[in-house]
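Architecture at a glance
Here are the chains, one letter per residue:
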Amino acid sequence: MGKLKAVRPIIAAFLLAASVGITTTAISFFVTPVCDSLGFDRGDFSLYFSLMTAGNAVGVVLVGQMLNKVSVRSVISITGVWAGVGLFMLSFASKLWMFYVIAGIMGLMAGSTMMLCANVIVQKSYESQKASKVLGIVMAGSGVGGVILSLVVPGFIENFGWKMGYRFLGICWFVIAMTAVLILGNHDLNKSSQSVKVEGEGVTRAQALKDPNLYMLLLLNFCLNACNGLQQQVPALLEGRGFATASISAMVSMLTASLALGKMAQGFLYSKVGIKKGSYSMVLLYSLGMLMMLGRISIYPGIITVACGFGLCTTMMPMVVRYNFGTKDYAAIWSMVSTASSIGGVVAAPVWGSTYDIAGNYDPALIGASAVLIGALMLLIIIYKRKEKKAA
């Protein structure tokens, strides 16, 4: 019974991460059916992804502050109801502005807020090396959730329509959130023995605000998630390449499975070679994966490679932030860095969608993303050098 109690936070955090597959993988299947049904341009419709992530950018900062005052269970409960209702309401939208308004409001308590809760649970409960492994396993939940949803959602939309699809996702979000709350039970993160062990390490939010590394980390996370905008366009990209519906569903499942396995692999990589070497290799691999997506044959290993890259914001970046600032005021500091990720998504979504509308394919965006990732690698090198110089 004691062992089961000890792993409850991990199971709950895994479920929270799995729920994010709804606002990443699952909603990507709505681009084509909604645009075809209502006559929207993909670039215009993709702006609702941006507004959802814009809401995330605001919401995650608020939640970061809330976690110092209210329990994780309370935040998860609010998010479960808020985003669940939001997804349900999208089924009633018939105009672009309706999608925009609902997505923006829903975004305040969707996606990144769940990841923040899951991340804080892990970072507050384990020392750095073990946290890398646990975080990789927990964040793989988004890939697992994505795999399941990518197998279910396309067929569900085809059989019942996109409106019922949104309602189905709303119910899924609510059920997952409430299940996580029940699993957490009376667990008090702030009073766990492991939490006390690591809680005092690091700097405060006020001290972090004076460190240039914080702002470079903001830019780094912005760049990474801007490139992650590809994830929501993968079904449309494959359709444009002439792949059949069944093949697209299988390839998206392969992508989300690779995302899950990639996050677990990252966790073990960082614990073995350290976050510095591990992050260098992963960002470079992500850049190469973008170029591999350009080819008809290389797109298969490319999907696996970029899937691993999609996990950098949730698996690599939390550990880079911890490496720089510790866990003393982790929730508040990470919420700021996470906001940059959301803003990156805001900027990227219409760019990825409009690239298709203008060029007829996603090739220019893939090449541009590869270049951005090389720039991100250079930025990462500077961050580590500054940290080492400061510690010396």
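For clarity, every value in this text was computed on a predicted model and none was experimentally measured.

Quick look at helix H2 (residues 31–38)
For the α-helix, the turn length of 3.6 residues means that residues three or four positions removed from each other point alike. Listed in full, the buried residues belonging to H2 are Val 31, Thr 32, Val 34 and Cys 35. Gly 39 sits one or two positions beyond H2 and adopts a positive phi of about 75°.

Concerning the state of the cysteines
All chains considered together, the criterion is met by zero disulfides. Of the cysteine sulfurs around Cys 227, a residue in no disulfide, the closest is that of Cys 223, at 7.0 Å.

Description of the packing of helix H4 (residues 72–90) against helix H8 (residues 162–184)
Where H4 meets H8, the closest approach of the two axes is 7 Å, and the angle between their N-to-C directions is 170°. With respect to H8, the element H4 is oriented roughly antiparallel. On H8, the residues that touch Val 72, Arg 73, Ile 76, Ser 77, Thr 79, Gly 80, Val 81, Ala 83, Gly 84, Leu 87, Phe 88 and Leu 90 of H4 are Trp 162, Tyr 166, Arg 167, Leu 169, Gly 170, Trp 173, Phe 174, Ala 177, Met 178, Val 181 and Leu 184. Split by residue class, the contact of H4 with H8 holds 16 nonpolar, five polar and two charged.

Description of the side chain of Ser 341
Examined against the element boundaries, Ser 341 turns out to sit in helix H17 (residues 330–359). Residue class for Ser 341 comes out buried when judged on its relative accessible area of 9%. Beyond its immediate chain neighbours, meaning those up to four positions away, Ser 341 contacts Asn 221, Phe 222, Asn 225 and Cys 313.

So, the packing of aromatic side chains
Enumeration over the complete set of coordinates arrives at 17 aromatic pairs. Between the aromatic rings of Phe 45 and Phe 99, the centroid separation amounts to 5.3 Å while the plane-to-plane angle is 80°, which identifies the pairing as edge-to-face. Here the residue Phe 45 occupies a position in helix H3 (residues 42–66), and Phe 99 occupies one in helix H5 (residues 96–106), the gap between them amounting to 54 residues. Judged by relative accessible area, which is 0%, Phe 45 ranks as buried. For Phe 99, a relative accessible area of 0% translates into the label buried. With a centroid separation of 5.8 Å and an interplanar angle of 70°, the aromatic rings of Tyr 48 and Phe 99 are classed as edge-to-face. Taken as a pair, Tyr 48 in helix H3 and Phe 99 in helix H5 lie far apart in primary sequence, 51 residues in all. According to the relative accessible area criterion, Tyr 48 is buried, its value standing at 0%. An aromatic cluster is defined as three or more aromatic residues linked by ring pairs; in this entry it consists of Phe 30, Phe 40, Phe 45, Tyr 48, Phe 99, Trp 162 and Tyr 166. One residue, Arg 167, lies across the ring of Phe 88, its end atom 6.0 Å from the ring centre.

Description of the packing of helix H14 (residues 275–292) against helix H15 (residues 299–310)
Taken N-terminus to C-terminus, the directions of H14 and H15 make an angle of 145°; their axes are 8 Å apart at the nearest point. Pair H14 / H15 crosses with left-handed handedness. Of the residues in H15, those touching H14 at Met 282, Leu 285, Tyr 286, Gly 289, Met 290 and Met 292 are Ile 299, Pro 301, Gly 302, Thr 305, Val 306, Cys 308, Gly 309 and Phe 310. Tallied by class, the residues present in the contact of H14 with H15 amount to ten nonpolar, four polar and no charged.

Side note on the environment of Asn 56
Relative to the helices and strands, Asn 56 resides in helix H3. The sequence separation of Asn 56 and Pro 154 amounts to 98 residues, and the corresponding C-alpha distance is 25 Å.

What counts, and where the lines are drawn
Residues numbered from 1 in each chain as written. Predicted model: local features only at pLDDT ≥ 70, side-chain atom pairs only at ≥ 80, totals over all residues. Heavy atoms only, no water. Buried < 20%, exposed > 50% of the residue type's maximum accessible area, 1.4 Å probe, protein only. Helix = DSSP H or I, 4+ residues; strand = E, 2+ residues; numbered from the N terminus. Disulfide = S-S within 2.5 Å. Axes fitted to C-alpha atoms, helices over the stretch in contact; angles between N-to-C directions. Parallel < 35°, antiparallel > 145°, perpendicular 65-115°, else oblique. Contact = heavy atoms within 4.5 Å. Nonpolar A, V, L, I, M, F, W, Y, C, P; charged D, E, K, R; others polar. Phe/Tyr/Trp six-rings, centres within 6.5 Å; stacked < 30°, edge-to-face > 60°. Lys NZ or Arg CZ within 6 Å of the ring centre and 35° of its normal. Left-handed = near helix turned anticlockwise from the far one by under 90°.

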